[in-house]
Amino acid sequence: MPRSRHPLLAAILWGGFVAGTLDIGAASLISGYGPQVILRYIAAGLLGKAALAGGATEAALGLVLQWAMSLLIAAIFVLIVGRRVAATPRWPVWGVAYGVVVFAVMNYVVVPLSALSKVPHFSVFSFIANLAAMLLFGWIIAFFARTKLSNRAA
């Protein structure tokens, strides 16, 4: 794989967009709602409950917000520990650990402070499924940090 002239940016963009996009699919599978509904829920974090009754505009806003958050989450990881992660064969552990942090921050800080201001109420299944989705999210970000910042192939 050819090396990027901007490996930090490549790691952030690839990690953020891939993890963020797959996270929409994971949320859809876990909840049983289609991606458009998931995206409207994301927009509702900014606009409030009215976004849930919206259409394509609210879904598009949700997609932009999802990708913006995912890029920010990837940037934090890559800029703080990306080079360290790239230098170790234990990069999956870093990614999974970051996924736990992302799960906690999103569910117990971001969502309660959003316009929906909901405190999460999980069933055992939804807790495990949502945590697993965030573990995968963190793993993906670590994978791209490893791939884009390492001198050797992942």
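Conventions we followed
Residues numbered from 1 in each chain as written. Predicted model: local features only at pLDDT ≥ 70, side-chain atom pairs only at ≥ 80, totals over all residues. Heavy atoms only, no water. Helix = DSSP H or I, 4+ residues; strand = E, 2+ residues; numbered from the N terminus. Rg over C-alpha atoms; globule rule 2.2 N^0.38 Å. Buried < 20%, exposed > 50% of the residue type's maximum accessible area, 1.4 Å probe, protein only. Contact = heavy atoms within 4.5 Å. Areas by Shrake-Rupley, 256 points an atom, 1.4 Å probe, with all protein chains shown as cover.

Enquirer: How do you make sense of the overall build of the protein chain when you look at a structure like this?
Expert: When you go through the protein chain residue by residue, the secondary structure sums to 5 helices and 0 strands. Each helix (α) and strand (β) of the protein chain, taken in turn from the N terminus, gives the series α-α-α-α-α. The C-alpha atoms of the protein chain give a radius of gyration of 16 Å, which matches the 15 Å a tight globule of 154 residues would have. With respect to the principal axes defined by its C-alpha atoms, the protein chain has extents near 50 × 35 × 25 Å. Taken across its 154 residues, the protein chain has 39% of its residues classed as buried. Put simply, 67% of the contacts in the protein chain that link residues at least 6 apart link residues at least 24 apart. When the accessible surface of the protein chain is split by element, carbon and sulfur atoms take 72% of a total near 8,600 Å².

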